[in-house]
Amino acid sequence: RSPLVMGKPNKPMLDCVMQNYHLDPATTCMVGDRLDTDILFGINGGLATLCVLTGVASEADILDPDAPKPTYYIPSLGDLATLADSA
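Residues numbered from 1 in each chain as written. Predicted model: local features only at pLDDT ≥ 70, side-chain atom pairs only at ≥ 80, totals over all residues. Heavy atoms only, no water.

Caption draft 1: Representation of the pairing of strand 2 (residues 48–52). The buried count for strand 2 comes to four of five residues, which makes it a mostly enclosed element. Chirality of the crossover, the property in question, places the unit of strand 1 (residues 29–32), helix 2 (residues 35–44) and strand 2 among those that are right-handed. Judged from the three bridges that link them, strand 2 and strand 3 (residues 72–74) form a sheet pairing that is parallel. Residue pairing for strand 3: C51 is matched across the bridge by Y73. (Buried < 20%, exposed > 50% of the residue type's maximum accessible area, 1.4 Å probe, protein only. Helix = DSSP H or I, 4+ residues; strand = E, 2+ residues; numbered from the N terminus. Right-handed = clockwise from strand over helix to strand, strands pointing away. Pairing = 2+ DSSP bridges.)

Caption draft 2: Local environment of a nonpolar patch on the surface. Together, L4, M6 and M13 give the surface a local cluster of nonpolar side chains, amounting to about 280 Å² of exposed area. Residue classification places M6 among the partly exposed residues on the basis of a relative accessible area of 38%. (Patch = residues over 30% accessible without salt bridge, like charges linked within 9 Å, V, L, I, M, F, W, Y side chains within 5 Å. Areas by Shrake-Rupley, 256 points an atom, 1.4 Å probe, with all protein chains shown as cover. Salt bridge = Lys/Arg side-chain N within 4 Å of Asp/Glu carboxyl O.)

Caption draft 3: Main features of the nonpolar core. One finds L35, I39, C51, A57, I62 and A67 forming the largest nonpolar core, which totals six residues. Discounting chain neighbours no more than four positions away, the residues touching L35 are L40, C51, A57, D61, I62, A67, P68 and P70. Of all hydrophobic cores here, the second largest spans five residues; its members include M18, M30, F41 and L47. (Core = buried A, V, L, I, M, F, W, Y, C linked by side-chain atoms within 4.5 Å. Contact = heavy atoms within 4.5 Å.)

Caption draft 4: Main features of the side chain of D38. Its place among the elements puts D38 in helix 2. Using a relative accessible area of 6% as the deciding quantity, one classes D38 as buried. Among the polar contacts made by the side chain of D38, one reaches the side chain of K8 at a distance of 2.6 Å. In terms of polar contacts, D38 uses its side chain to reach the backbone amide nitrogen of D33, at 3.1 Å. Among residues more than four places away in sequence, those in contact with D38 are K8, M30, G32 and D33. (Polar contact = N/O pair within 3.5 Å; in protein donor to acceptor, adjacent residues only side chain to side chain.)

Caption draft 5: Fine view of the pairing of strand 1. Side chains of strand 1 alternate between two faces, with M30 and G32 buried and C29 and V31 left unburied. Where strand 1 meets strand 2, four bridges bridge the pair, whose relative direction is parallel. Within strand 2, the position partnered with V31 by the bridge is L50.

Caption draft 6: The pattern of salt bridges, seen in detail. Enumeration over the complete set of coordinates arrives at two salt bridges. Put simply, K8 and D38 hold a salt bridge, and the shortest N to O gap is 2.6 Å. You can see K8 sitting in the segment before helix 1 (11–20) and its partner D38 sitting in helix 2, a full 30 residues away along the chain. With a relative accessible area of 39%, K8 lands in the partly exposed category. In this structure, the salt-bridge partner of D15 is K11, at a minimum N-O distance of 2.7 Å. Taken together, the residues D15 and K11, both in helix 1 and four residues apart, mark about one turn of the helix. Classification of K11 as partly exposed rests on a relative accessible area of 38%.

Have a look at this one:
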């Protein structure tokens, strides 16, 4: 048997979370500050993604053509209301 990798950004971990908490991918958004783990985790699971720029990722990282692309990004969680108002 080949090993099963469970951590982010691999889908088996997300499948487990979605099933245990009865989450609907159509109404779930992965929020994080790392493109290569948090955002890729959401993308691999078919979720909307939100990158918060108060951690590891910068706007320049998001604009890199080779980087995973979040659905949304905001400067900080404090800007979440502004994003919700524009949706």
